[in-house]
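# Structural characterization, general
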Amino acid sequence: MVVWGEKARRNNGRLDGGDRIVKAVVSLPNRFYQILRTGVDPPLGGGRTRVAMGAKTYTIGDLARLTGQPVRRIRFYSDKGLLPPALRSASNYRFYTDEDVAKLDLIHALREAGVSLDTIERLLARRLSLSDVLQTRLDVLEAEIAAMQRMAAVLRATLRVPNPADSDLRRIWTMSNLSNQQMTVRIERFIDRIAAGTTLDSEWRRQVLEMSLPELPDAPTVEQLSAWDELAGLLSDPSFEHEVHEGTKAFWTDNLDAAAYKVASTKAYAAALKGIVDGLSPQSVQAQAVAREWLEGSARALGRKPDCAFREWHFTQYDRNAGRLGRYRELVIILHGDTPIAADRKAWAWLNDAMKNLQLSD
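Small disclaimer: the values here were computed from a predicted structure and weren't measured.

### Let's talk about the overall build of the protein
Within the protein, the regular secondary structure consists of 17 helices and 3 strands. The buried share among the 362 residues of the protein stands at 38%. For the protein, restricting intrachain contacts to residue pairs at least 6 apart in sequence, the fraction spanning at least 24 positions comes to 68%. Accessible surface computed for the protein: about 20500 Å², of which carbon and sulfur atoms make up 55%.

So this is what it looks like as structure tokens:
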């Protein structure tokens, strides 16, 4: 067993940092055990009048040299009841033991971690466990770190704005504090409004909501914070809402077979990706066949004829999806921590170009 006083003397009166940490971790739990076993001594935060026979004692100056703590700080801890002396001499001098060295190191470590004196006092009085104290402090530190990271992201996002003004900083900061729950409520209301007057049923509404829901991470990147701000702007833009509502009305009609449309679009998308990989031109015979199958399959699902008017409807839908609605989807992808897939845009552009060359009846 290491005798801390002896080891300190071998190191010119001071313990090295590693020894002090080990002693703080090991000696104090042993002290708890001894108190619980014997029931003789009062709680660690209280006064003490007994010292084991032969135990090494230290003056407050000795304690300062052993631990590297200023005498004034040790006296402050002592007066606060965190580090009462093991005994006092007839001249009222304070004397401490090796246990006090360990306790002082623990107090110092906790103070360096930002733990309050009141919390330390409750720990030493055995009203709190060390694990509770450390976990609480860790939770606070992680929350503070997340807040600072978010503020740093806000500043970086604001600096991306050319010649940023006060209003830019206020807007981005306000949006960064918009909770995921608040954003969910906004999107639910947005979907309710764009679905008004359509046949969008509850099940498909749920699926649309799941695909549309973003989530701002606790420690967002600059890109995610910018996406969050842009997304909130889109949701509050009446023209965007009108645009999406018109597109929803045109798609969700009484004639729609949503399941059949999903099958047709999935097949067409896969065929378009393969055509791009194979190096097929949208004007090729194979591309024309894929485009015709897509046009006819989607027409059946929507109860339409695969004519020029329906093709024009497809072009309008493509423009919407390539525009702000497509941007909305990209923002959601960014917030999920992914990169917008360029292949998606290329596949639908390839398919759209292939449809332009189809020979159709009026």
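Now that the structure has been shown, we can carry on.
### Considerations on the packing of aromatic side chains
Throughout the structure, instances matching the rule amount to 10 aromatic pairs. Note on Phe-190 and Phe-240: the rings are 5.7 Å apart at their centroids and 10° apart in plane angle, and the pair reads as stacked. Of this pair, Phe-190 sits in helix α9 (residues 180-195) while Phe-240 sits in helix α12 (residues 238-251), and the two are 50 residues apart along the sequence. Neither residue differs from the other here; Phe-190 and Phe-240 are each classed as buried. Aromatic pair Phe-251 and Trp-252: ring centres 5.6 Å apart, planes at 80°, arrangement edge-to-face. Here the two residues Phe-251 and Trp-252 agree in accessibility, since each one is buried. Taken together, the ring pairs connect Phe-251, Trp-252, Tyr-261, Tyr-269, Trp-294, Phe-310, Trp-313 and Trp-348 into an aromatic cluster.

### Quick notes on the pattern of salt bridges
Tallied over the full model, the rule gives 17 salt bridges. The partner of Glu-293 in a salt bridge is Lys-267, and the shortest N-O contact between them spans 2.5 Å. Placement of Glu-293 in helix α14 (residues 285-302) and of Lys-267 in helix α13 (residues 258-277) is noted, with a sequence separation of 26 residues between them. With relative accessibility at 42%, the residue Glu-293 sits in the partly exposed group. A salt bridge links Glu-330 to Arg-345, with the shortest nitrogen-to-oxygen separation between them at 2.6 Å.

### Quick notes on the packing of helix α11 (residues 222-235) against helix α16 (residues 324-335)
Helix-helix packing: each pair is described by the crossing angle between the helix axes and the interaxial distance. Packing of α11 against α16 brings their axes to within 9 Å, and their N-to-C directions diverge by 145°. Crossing hand, α11 versus α16: left-handed. Packed against α11, whose contacting residues are Glu-223, Gln-224, Ala-227, Trp-228, Glu-230, Leu-231, Leu-234 and Leu-235, the element α16 presents Arg-324, Arg-327, Tyr-328, Leu-331, Ile-334 and Leu-335 at the interface. Of the residues that constitute the contact of α11 with α16, the class distribution is 9 nonpolar, 1 polar and 4 charged.

### A word on the packing of helix α3 (residues 60-67) against helix α4 (residues 71-79)
One way to put it is that α3 packs onto α4 with a least axis distance of 9 Å and a crossing angle of 115°. Comparing the axis directions of α3 and α4 gives the class roughly perpendicular. For the element pair α3 and α4, the recorded crossing hand is right-handed. Listed contacts from α4 to Ile-60, Gly-61, Leu-63, Ala-64 and Thr-67 of α3 are Val-71, Ile-74 and Arg-75. Residues of the contact of α3 with α4, tallied by class, amount to 5 nonpolar, 2 polar and 1 charged.

### Points about the sheet that holds strand β1 (residues 58-59)
Taken in spatial order, the 3 strands make up an open sheet running β1-β3-β2, and their pairing is antiparallel. Two strands in the sheet have a free side with no partner beyond their single neighbour: β1 and β2 (87-88). Across 2 bridges, the pairing between β1 and strand β3 (residues 94-96) is antiparallel. Bridge pairing in β3 places Thr-59 opposite Phe-95.

### Concerning the side chain of Ser-298
Secondary-structure assignment places Ser-298 in helix α14. For Ser-298, a relative accessible area of 0% translates into the label buried. Within the local environment of Ser-298, its side chain forms a polar contact with the side chain of His-314, the two groups lying 2.9 Å apart. Beyond its immediate sequence surroundings of up to four residues, Ser-298 is in contact with Tyr-261, Ala-264, Phe-310 and His-314.

### Notes on the layout of surface pockets
Approximately 1900 Å³ is the volume found for the largest pocket. In this structure, the largest pocket is lined by 48 residues; those nearest its centre are Met-211, Asn-321, Leu-325, Arg-329 and Trp-348. At the level of secondary structure, the elements contributing two or more residues to the lining of the largest pocket comprise α9, α10 (202-212), α12, α13, α15 (308-322), α16 and α17 (342-356). Its residues placed into classes, the lining of the largest pocket shows 27 nonpolar, 13 polar and 8 charged.

### A word on the confidence of the model for the protein
Per-residue pLDDT for the protein has a mean of 79; in total, 84% of the residues score no lower than 70. Taken element by element, the predicted model of the protein shows its lowest mean pLDDT in helix α1 (residues 4-10) (41) and its highest in α14 (93).

### Observations concerning the nonpolar core
Note on soluble globular proteins: their nonpolar side chains tend to be buried together. Counting 29 residues, the largest nonpolar core has Met-183, Ile-187, Leu-225, Trp-228, Phe-240 and Tyr-328 as the members making the most contacts within it. Elements with a contribution of two residues or more to this core: α7 (130-159), α8 (166-176), α9, α11, α12 and α16. A per-element tally of this core places α11 first, with 8 residues. Excluding anything up to four places from it in sequence, Trp-228 contacts Met-175, Ser-176, Leu-178, Ser-179, Asn-180, Met-183, Pro-214, Glu-215, Leu-216 and Leu-335. Judged by nonpolar contacts, the second largest core, of 28 residues, contains Ala-264, Ala-299, Trp-350 and Ala-354.

The rules behind each value
- Residues numbered from 1 in each chain as written.
- Predicted model: local features only at pLDDT ≥ 70, side-chain atom pairs only at ≥ 80, totals over all residues.
- Heavy atoms only, no water.
- Helix = DSSP H or I, 4+ residues; strand = E, 2+ residues; numbered from the N terminus.
- Buried < 20%, exposed > 50% of the residue type's maximum accessible area, 1.4 Å probe, protein only.
- Contact = heavy atoms within 4.5 Å.
- Areas by Shrake-Rupley, 256 points an atom, 1.4 Å probe, with all protein chains shown as cover.
- Phe/Tyr/Trp six-rings, centres within 6.5 Å; stacked < 30°, edge-to-face > 60°.
- Salt bridge = Lys/Arg side-chain N within 4 Å of Asp/Glu carboxyl O.
- Axes fitted to C-alpha atoms, helices over the stretch in contact; angles between N-to-C directions.
- Left-handed = near helix turned anticlockwise from the far one by under 90°.
- Nonpolar A, V, L, I, M, F, W, Y, C, P; charged D, E, K, R; others polar.
- Parallel < 35°, antiparallel > 145°, perpendicular 65-115°, else oblique.
- Pairing = 2+ DSSP bridges.
- Polar contact = N/O pair within 3.5 Å; in protein donor to acceptor, adjacent residues only side chain to side chain.
- 1 Å grid on protein atoms, 1.4 Å probe; cavity = no way out; pocket = protein on both sides within 12 Å on 5 of 7 lines; lining within 4 Å.
- Points joined across faces, edges and corners; volume = space filled by probe spheres on them.
- pLDDT = per-residue confidence, 0-100.
- Core = buried A, V, L, I, M, F, W, Y, C linked by side-chain atoms within 4.5 Å.

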